[in-house]
Each structure stands twice: as structure tokens, then as C-alpha cells.
Amino acid sequence: KLKLAVLTSGGDSAGMNAVVRAVVKTAIIKGCETWIVREGYEGLVRGNTEGHRHTHTHAEKGGASPRLKGAEFHEAESFIHNLRYGDGELLKDGTGDHPGGRTLKGRYIVRVGWDDVRGWFSEGGTLIGTARSVAFRTREGRLTAAQNMIKEGIDALVVCGGDGSLTGADVFRAEWPGLVSELHNEKRITDEQATAHAHLKIVGLVGSIDNDMSMTDLTIGAPTALHRICESIDNINSTAYSHSRAFVLEVMGRHCGWLALMAAVSCGADFVLIPENPPDADNWADEMCQSIQSHRDIGKRKTIVIVAEGALDSKLQPIHSEQVKEILSERLGLDTRVTTLGHTQRGGRPCAMDRILPTLQGIEAVEALLESTPDSPSYMIGVRENKITRVPLMDAVKMTREVAQAISEKNFEKAMSLRDPEFRE
Ligand code: F6P
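My aim in this report is to walk through the structure given alongside it, one point at a time. These numbers come from a predicted model, not from an experiment.

**Quick look at the nonpolar core**
- Formed by 42 residues in total, the largest nonpolar core has its most connected members in Leu-44, Met-149, Leu-157, Leu-166, Phe-172, Trp-176 and Met-380.
- The residues touching Leu-166, leaving out its near neighbours within four places in the chain, are Val-159, Gly-161, Gly-204, Leu-205, Val-206, Met-213, Met-380, Leu-393 and Val-397.

Structure below.
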């Protein structure tokens with residue numbers, strides 16, 4: 001019987017809660033025991049402090065019943081309440097219990113059951129929290145994380161995050177036997193624990209709004225972020241039209257231009273600037289102005305330019321939205337405003353695709369863990385051509401890094417071929 005924990009790591013993305021829900025429910029159906037880890041890898045390192053008053057989750061109360069009644073209902077309610085409001089002070093300790101008086105303070109690895117994750121797929125962000133853990137980047141931190149997992153009896157980990165988080169997962173798995181023998185030698189775990197936890201099983205799911213991971217078509221959260229951007233552009237359009245203005249919209253995506261490009265296609269933008277196709281450093285401004293002027297000449301009252309936050313020119317110099325605004329104002333005389341969409345792109349309820357995809361991938365993740373052997377690689381669950389896929393996690397991470405490298409070397413054809421196998425063929 002697998003004892004499985006799920007965590008979310010890195011920047012949050014819509015659909016992460018659906019991952020947790022799908023993993024927990026599938027694992028229970030398959031006869032596993034399930035935990036959530038709060039605050040990403042940081043929660044693994046912090047583990048559970050004894051002696052804190054706490055809310056019992058359904059699973060801890062031994063409640064296998066999927067029905068909620070009376071006091072049980074309040075337990076589940078307060079578990080979710082505490083995740084949301086009662087215990088937000090990750091970096092403080094001890095004080096500030098919410099009025100209910102029962103918190104999850106001091107408990108980062110929490111046993112959960114069916115009812116604890118009920119309805120989670122429609123919630124934005126990640127209810128179990130995420131953090132960029134400095135401690136987990138050190139071997140000492142990972143040693144403590146391993147000890148905390150073994151203490152709870154956990155032998156499998158589902159990680160939902162971006163490429164950095166998934167790399168961390170693979171490093172942890174590779175180190176695991178060494179960590180276990182060190183803990184054993186230092187008598188931090190018993191002989192039985194060392195034998196029972198000789199191997200760690202890990203699977204990764206890609207949660208990121210950027211859609212920047214190779215070997216999968218769509219990362220969890222990218223469709224919702226794109227949807228948010230489209231809604232914002234629709235809103236901007238009406239005011240832009242009214243004043244016959246130009247708007248420069250800066251969208252997220254880190255080093256990847258997927259959100260910007262897809263938003264431009266979805267909203268009929270006049271011009272788009274993305275890192276993967278850097279315009280000629282010497283004349284991109286001319287090209288942009290000509291194109292926009294030609295749209296104005298045929299009667300267009302509004303102008304929309306989308307700038308990816310990582311946009312570069314052919315000399316690999318960053319292109320900033322303020323710079324684009326200056327060009328439009330000065331050369332074309334357009335009344336121009338800049339709107340940086342920021343974190344509105346990342347928050348909010350997941351769209352349908354970010355409920356379906358994480359659900360199917362969550363199911364596949366549990367199956368991959370159940371089939372995992374000490375010799376099999378850690379898998380990343382992805383989607384290719386509408387089919388849920390399993391690829392060795394490190395192959396995907398390696399290829400993602402190669403894309404970034406190719407872009408920094410201005411080898412865009414190589415970057416495209418790595419990101420998109422169709423292009424390669
Ligand atoms: O990777 C997701 C992302 O939203 C990027 O698009 C953006 O560059 C970055 O995270 C923002 O990070 P933070 O939330 O730490 O400001």
C-alpha cells in the first residue's frame with residue numbers, strides 16, 4: 001500500500017488544486033494513504049512540530065466515509081478554513097491563532113482523505129500553499145525533509161511545479177538512498193524505517209502559467225492565464241476604441257512568449273514582441289510603426305501591442321513596454337498607455353481545460369507511481385496531441401534547458417525544434 005504525499009511548488013497556477021484533488025481521490029480509490037504537504041518543499045523540511053493544537057482532517061479521524069454529517073462537516077470546513085485563513089504566517093510561529101482556536105500551525109505534512117479535497121477543482125491558486133524554499137536547496141535541508149517523510153511513513157511524492165521544482169524532485173530521488181543511510185547512521189531513523197524506505201518514488205506534473213516546458217503541449221494553468229489575458233484585452237479594447245488610443249500590454253511568461261503570442265492571435269493584436277522571434281535590433285521599431293500606421297490608414301481606431309515580459313531584440317537586448325510606448329507616441333503621435341497585466345493573469349478560478357487536464361494527469365500520476373520500480377526513471381506527466389503522456393522527468397527538464405540555451409545563442413531554429421517535435425520532423 002503506497003503512502004503518498006502531494007505538494008505544489010514554485011509560482012502558483014490555476015489547476016494546482018485540481019491536481020491535489022485528483023491525486024488524493026485516485027490514490028484512495030487505489031488503496032493508498034494520502035498526505036498533503038503545505039508550502040511546497042519548505043513544508044517537507046519543516047515537517048510536523050509536536051504539541052500544537054490542530055484540526056483533525058477526515059483521514060486523521062479515521063473517517064473513510066465520503067459523506068459529511070454534523071461535527072464531521074465542521075471538521076472538514078475548518079480544515080479548509082485553516083488552510084486559507086488560519087495559518088498564513090509561514091514565517092512566524094506560535095502566535096495569531098484564528099478565532100476558531102484550532103490551526104494547522106506547526107504541521108506541514110497533513111494526512112488527508114476524500115472529503116478534505118472535495119470541490120477543490122474550481123478553486124484558484126494553490127490551497128496547500130507554495131514557497132520558494134532555500135532550505136530544500138541544501139543537502140542538510142533535504143536530509144531533514146527525508147527524515148520528516150519517513151517519520152510520517154511516506155514513500156511516494158507527487159510534485160506539481162515548474163522546471164526548477166521538478167529538477168529538485170529528481171535530485172531528491174537520486175540522493176534518497178544516501179540520505180536514508182545517513183539518517184540511519186545518525187540514528188535519526190530506526191532499522192525498520194531504513195529498510196522500509198529504501199527507495200523513494202516521485203512523479204512530476206507541470207504547473208506553470210508560462211507553458212515553457214518541453215515534451216508537453218500545455219502546462220497546468222497556462223490556458224487559464226491566457227483566458228485572463230483575453231478578458232483583460234477585451235476590457236482594454238472598449239476604452240482604447242473610445243479614445244482612439246494605443247495600448248501596450250505587457251504579459252507574463254518569464255522567458256517564454258507563448259502567452260503573448262497566443263493572446264495576440266486570440267485578440268487580433270496589431271503587433272507582438274516575444275523572445276523566441278526577436279525582431280531586428282536596427283529596424284524593429286520602423287517595422288512596428290509601418291504596420292500599425294497601415295492599420296490606422298484603413299480606419300482602425302485602436303492599437304494593441306503585446307509585449308512578452310521576456311521580449312528581446314536580435315541583439316538579445318530586452319524590449320520594454322515603456323520603450324514601445326515612447327516609440328508609438330513620438331513616431332506615430334498616438335495617445336499611448338501601458339498596462340502591465342501582472343498577477344491578475346495568474347489568479348482566479350481555473351477554466352475548464354485547467355480542471356480537465358489536471359484531473360486526467362493526476363490520475364496518470366498515481367498510476368505511474370503504482371507502476372514505478374527502483375529502476376524506472378521518475379516520470380513527468382504531460383499531454384501531447386490530446387493524449388496524457390509519461391516521459392522521463394529529466395529528459396523534459398534537460399530539453400527545456402537546451403531551449404533556453406539555444407535562445408541565448410540566437411539559434412532559434414534549434415529552439416523551435418526542441419520545443420516542438422513536429423517542427424523537427
Ligand atoms: O513562472 C510564473 C510567473 O508568473 C512568470 O510568468 C513571472 O515571470 C513570474 O512567475 C513572477 O514571479 P513572482 O510571482 O515571484 O513575481
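Read on for the rest.
**Some points on helix α5 (residues 163-185)**
- Under the 1.5 Å per step criterion, the end-to-end length of α5 is 33 Å for 23 residues, consistent within 8% with the ideal 33 Å.
- Where α5 bends most, at Trp-176, the angle is about 50°, and the proline Pro-177 comes one to four residues later.
- Phi turns positive one or two residues past the end of α5, at Lys-187, with a value near 60°.

**Observations regarding the site of the ligand**
- Near the ligand, the surroundings consist of Arg-132, Ile-209, Asp-210, Met-252, Gly-253, Arg-254, Glu-309, His-343 and Arg-346.
- At a separation of 2.8 Å, an oxygen atom of the ligand approaches a polar side-chain atom of Arg-132.
- With respect to the ligand, the side chain of Arg-254 contributes an N or O atom lying 3.2 Å from an oxygen atom.
- Contact with the protein chains removes 75% of the 400 Å² of surface that the ligand exposes when unbound.
- When its residues are assigned to classes, the shell around the ligand shows two nonpolar, two polar and five charged.

**Considerations on the pairing of strand β5 (residues 201-206)**
- Across the six residues that make up β5, a large majority, five, are buried.
- When strand β4 (residues 156-161) meets β5, the two strands line up parallel, connected through six bridges. The partner of Val-158 across the bridge, within β5, is Val-203.
- As judged from the three bridges shared by β5 and strand β10 (residues 379-384), these two strands associate in the parallel manner. Note that in β10 the partner of Leu-205 across the bridge is Ile-381.

**Quick word on helix α12 (residues 393-408)**
- Helix length check: α12, at 16 residues, gives a terminal C-alpha distance of 23 Å against a target of 22 Å (1.5 Å per residue), a fit within 8%.
- Here α12 has its buried residues at Leu-393, Ala-396, Val-397, Met-399, Thr-400, Val-403, Ala-406 and Ile-407.
- The positive-phi residue at the C-terminal boundary of α12 is Lys-410, with phi of around 65°.

**A look at empty space enclosed by the protein**
- Enumeration over the complete set of coordinates arrives at one cavity of 30 Å³ or more.
- The volume enclosed by the largest cavity comes to roughly 50 Å³.
- The wall of the largest cavity is formed by Arg-173, Ile-202, Val-203, Ala-368, Leu-369, Ser-372, Ser-376, Pro-377, Ser-378 and Tyr-379.
- Of all the elements in the fold, those that place two or more residues in the lining of the largest cavity are β5 and α11 (353-371).
- Residues of the lining of the largest cavity, tallied by class, amount to six nonpolar, three polar and one charged.

**Comments concerning the pattern of salt bridges**
- Per the stated rule, a full pass over the model turns up 21 salt bridges.
- Residue Glu-33 is joined to Arg-111 by a salt bridge in which the shortest nitrogen-to-oxygen separation is 3.9 Å. Placement of the pair is Glu-33 in strand β2 (residues 33-37) and Arg-111 in strand β3 (residues 109-111), with a sequence separation of 78 residues.
- The partner of Arg-118 in a salt bridge is Asp-115, and the shortest N-O contact between them spans 2.7 Å.
- Given a relative accessible area of 3%, Asp-115 falls into the buried group.

**Brief notes about the pairing of β2**
- Most of β2 sits out of view: five of its five residues are buried.
- Burial of the side chains of β2 extends over both faces: Glu-33, Trp-35 and Val-37 are buried on one face and Thr-34 and Ile-36 on the other.
- The sheet contact formed by strand β1 (residues 3-8) and β2 spans four bridges and is parallel. Bridge pairing in β2 links Val-6 to Ile-36.
- Across three bridges, the pairing between β2 and β3 is antiparallel. From the neighbouring strand, Trp-35 faces β3, where its bridge partner is Arg-111.

About the cut-offs
Residues numbered from 1 in each chain as written. Predicted model: local features only at pLDDT ≥ 70, side-chain atom pairs only at ≥ 80, totals over all residues. Heavy atoms only, no water. Core = buried A, V, L, I, M, F, W, Y, C linked by side-chain atoms within 4.5 Å. Buried < 20%, exposed > 50% of the residue type's maximum accessible area, 1.4 Å probe, protein only. Contact = heavy atoms within 4.5 Å. Helix = DSSP H or I, 4+ residues; strand = E, 2+ residues; numbered from the N terminus. Expected span 1.5 Å × (residues − 1). Bend = angle between axes of the 7 residues up to and from the residue. Near = heavy atom within 4 Å. Polar contact = N/O pair within 3.5 Å; in protein donor to acceptor, adjacent residues only side chain to side chain. Areas by Shrake-Rupley, 256 points an atom, 1.4 Å probe, with all protein chains shown as cover. Nonpolar A, V, L, I, M, F, W, Y, C, P; charged D, E, K, R; others polar. Pairing = 2+ DSSP bridges. 1 Å grid on protein atoms, 1.4 Å probe; cavity = no way out; pocket = protein on both sides within 12 Å on 5 of 7 lines; lining within 4 Å. Points joined across faces, edges and corners; volume = space filled by probe spheres on them. Salt bridge = Lys/Arg side-chain N within 4 Å of Asp/Glu carboxyl O.

Geometric values such as these leave the question of function open.
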